[in-house]
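# Commentary on secondary and tertiary structure
If you want the building blocks of each chain, they are given just below.
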Amino acid sequence: MVDGVLSFPLTSFHDDGSLDPDGFRAYVAERIATGPGAVFPACGTGEFFSLDEDEYRQVVTITVEEAGGRVPVVAGIGYGWAQAVRFARIAEEAGADALLVLPHYLVTAPQDGLVAQLEQIAARTRLPLIAYQRGQVAFSVGSLKRIADIPTVVGLKDGHSDLDRLQRLTLAAPEDFLFFNGAATAEIQARAYATVGVPAYSSAVHAFAPEIANAFFTAFQGGDDGTVDKLLRDFYVPLVELRDRVPGYAVSLVKAAARLRGIPVGPVRAPLTDPSAADLADLELLLTAGLDLVEAAL
């Protein structure tokens, strides 16, 4: 998973909000063809929270079929452990290789509860689990050691960007335990995460502009600081500033950018909202500029 960008595909919907399986198949096939390190269907960017079980099954099944064993497929699961297990079983039946355990719903829990959540899920699926700490989920060093002792818990995705805490976690973990940079627009913090031993990262930009995402990854991995700086300054930083205008733009802006490129992903589902006309115009200008930086066309 460190050999390429981690791809988190959008889920395609028709204009009426219903699932578009054919559109999703075409879209995810194009993402996989760009050579990601792994593909993570039905996660945050894929609007897992808005999918029913049948839709989830279709999304994961299509991804597995299109991946064809070329890249790992890591499906999102979440809510309370009982519901997470229902999705885990669907993903297992669909042929997923592993599961990303999204933060549980609503409540703040003590460390013992965070560990127990993973223990309950691990006891009910054979698939490897990657925990995702974000929002109300943040593991202590002691808890990290406990979840790393669960045989099928293989890694941790971090969305807090607390590098002090993260360094303590990486030092406490077994050598083969996987860590991922899961910050929103992770490229912005890729250098910082790498300094504490976490070079792998997810890329929302890959969902709509794999040319930009892959150019950044190549420059970052190759130590081409000039290209990294240029892409950060002229594309990623303005993208983050645009993303921060409205809650939920971390997904809906990504989906809007894909539509600007003619990709059949459709609108977002509530409670997310599509970007305003003014923000969409700014996005189009930024996207065009970003593609120009890597000599690609809109």
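Structural data are supplied above this passage.
This report concerns the structure included in the present document. (Residues numbered from 1 in each chain as written. Predicted model: local features only at pLDDT ≥ 70, side-chain atom pairs only at ≥ 80, totals over all residues. Heavy atoms only, no water.)

### A word on the layout of surface pockets
What the largest pocket holds in volume is close to 870 Å³. Forming the boundary of the largest pocket are 39 residues, of which Gly-44, Thr-45, Phe-49, Arg-134 and Val-251 lie nearest the centre. The element best represented in the lining of the largest pocket is helix α10 (residues 249–260), accounting for six residues. The space that makes up the second largest pocket amounts to roughly 200 Å³. If you go around the second largest pocket, you meet 13 residues; those closest to its centre are Glu-175, Phe-177, Leu-178, Phe-179 and Gly-197. (1 Å grid on protein atoms, 1.4 Å probe; cavity = no way out; pocket = protein on both sides within 12 Å on 5 of 7 lines; lining within 4 Å. Points joined across faces, edges and corners; volume = space filled by probe spheres on them. Helix = DSSP H or I, 4+ residues; strand = E, 2+ residues; numbered from the N terminus.)

### Section: the nonpolar core
If you look at the biggest cluster of nonpolar residues, it comprises 104 residues, and the most contacted ones within it are Tyr-56 and Phe-208. Residue contacts for Phe-208: discarding those within four places in its chain leaves Arg-31, Phe-235, Leu-239, Val-254, Ala-257, Ala-258, Arg-261, Ile-263 and Leu-287. (Core = buried A, V, L, I, M, F, W, Y, C linked by side-chain atoms within 4.5 Å. Buried < 20%, exposed > 50% of the residue type's maximum accessible area, 1.4 Å probe, protein only. Contact = heavy atoms within 4.5 Å.)

### Here's the deal with the sheet that holds strand β1 (residues 6–7)
Hydrogen bonds along the backbone pair up the strands of a sheet, which may run parallel or antiparallel. The parallel open sheet is built from three strands, whose spatial order is β2-β1-β8. Looking at the sheet topology across the chains shown, the edges are occupied by β2 (38–39) and β8 (202–203). Across two bridges, the pairing between β1 and β8 is parallel. Its bridge partner lying in β8, Ser-7 is registered against Ser-203. (Pairing = 2+ DSSP bridges.)

### Brief notes about the environment of Tyr-79
On the secondary structure map, Tyr-79 appears in the loop between β3 (74–77) and α3 (81–94). Put simply, Tyr-79 and Phe-40 are 39 residues apart on the chain and 17 Å apart in space, counted from C-alpha to C-alpha. With residues near it in sequence (within four places) discarded, Tyr-79 still touches Phe-48, Phe-49, Ser-50, Phe-87, His-104, Tyr-105 and Gln-117.

### Here's the deal with the packing of aromatic side chains
Scanning the model with the defined rule gives 13 aromatic pairs in all. Ring plane angle 65° and centroid distance 5.4 Å describe the contact between Phe-177 and Phe-179, whose orientation is recorded as edge-to-face. Here Phe-177 matches Phe-179 in class, with each residue buried. With a centroid separation of 6.1 Å and an interplanar angle of 70°, the aromatic rings of Tyr-201 and Phe-220 are classed as edge-to-face. (Phe/Tyr/Trp six-rings, centres within 6.5 Å; stacked < 30°, edge-to-face > 60°.)

### Description of a nonpolar patch on the surface
Together, Tyr-105, Leu-106 and Val-107 make up an exposed nonpolar region whose accessible area comes to about 360 Å². Along the chain, Leu-106 turns up in the loop between β4 (98–101) and α4 (111–122). Relative accessible area serves as the criterion here: at 64%, Leu-106 is assigned to the exposed category. (Patch = residues over 30% accessible without salt bridge, like charges linked within 9 Å, V, L, I, M, F, W, Y side chains within 5 Å. Areas by Shrake-Rupley, 256 points an atom, 1.4 Å probe, with all protein chains shown as cover. Salt bridge = Lys/Arg side-chain N within 4 Å of Asp/Glu carboxyl O.)

### A few points about empty space enclosed by the protein
All chains considered together, the criterion is met by two cavities of 30 Å³ or more. By volume, the largest cavity amounts to about 80 Å³. Val-101, Leu-102, Pro-103, His-104, Leu-114, Gln-117, Leu-118, Ala-131, Tyr-132, Val-137 and Phe-139 together form the lining of the largest cavity. Looking at the lining of the largest cavity, the elements that each hand over two or more residues are α4 and β5 (129–133).

### Points about the pattern of salt bridges
By the definition in use, this model includes 19 salt bridges. With a shortest N-O distance of 2.8 Å, Asp-112 and Arg-146 are connected by a salt bridge. Pair noted here: Asp-112 is in helix α4 and Arg-146 is in helix α5 (residues 141–148), with a separation of 34 residues, a long-range link. For Arg-245, the salt bridge identified is with Asp-279, shortest N-O distance 2.6 Å. In this pair, Arg-245 sits in the loop between α9 (225–243) and α10 while Asp-279 sits in helix α11 (residues 277–293), placing the two residues 34 residues apart along the sequence. Three or more residues joined by partner-sharing salt bridges are found here, namely Arg-25, Glu-65 and Glu-66.

### Some remarks on α3
Under the 1.5 Å per step criterion, the end-to-end length of α3 is 20 Å for 14 residues, consistent within 8% with the ideal 20 Å. Those residues of α3 lying buried are Ala-84, Val-85, Phe-87, Ala-88, Ile-90, Ala-91 and Ala-94. Taken together, the buried residues of α3 touch α2 (53–67), β3, β4 and α4. Directly beyond the C-terminal end of α3, a positive phi value near 100° is found at Gly-95. (Expected span 1.5 Å × (residues − 1).)

### A few points about the sheet that holds strand β7 (residues 178–181)
Pairing in this open sheet of five strands is parallel, and the strands run β3-β4-β5-β6-β7 from one edge to the other. Both outer strands of the open sheet, β3 and β7, are each paired with one neighbouring strand and no more. The mean inter-strand angle of the sheet, taken between neighbouring strand axes irrespective of direction, is 25°. In terms of strand pairing, strand β6 (residues 153–158) meets β7 through four bridges, oriented parallel. Looking at β7, one finds that Asp-158 is bridged to Asn-181. With respect to the sheet, α4 is in contact with β3, β4 and β5, its orientation differing from that of β5 by roughly 155°. (Axes fitted to C-alpha atoms, helices over the stretch in contact; angles between N-to-C directions.)

These figures come from the coordinates and say nothing about function on their own.
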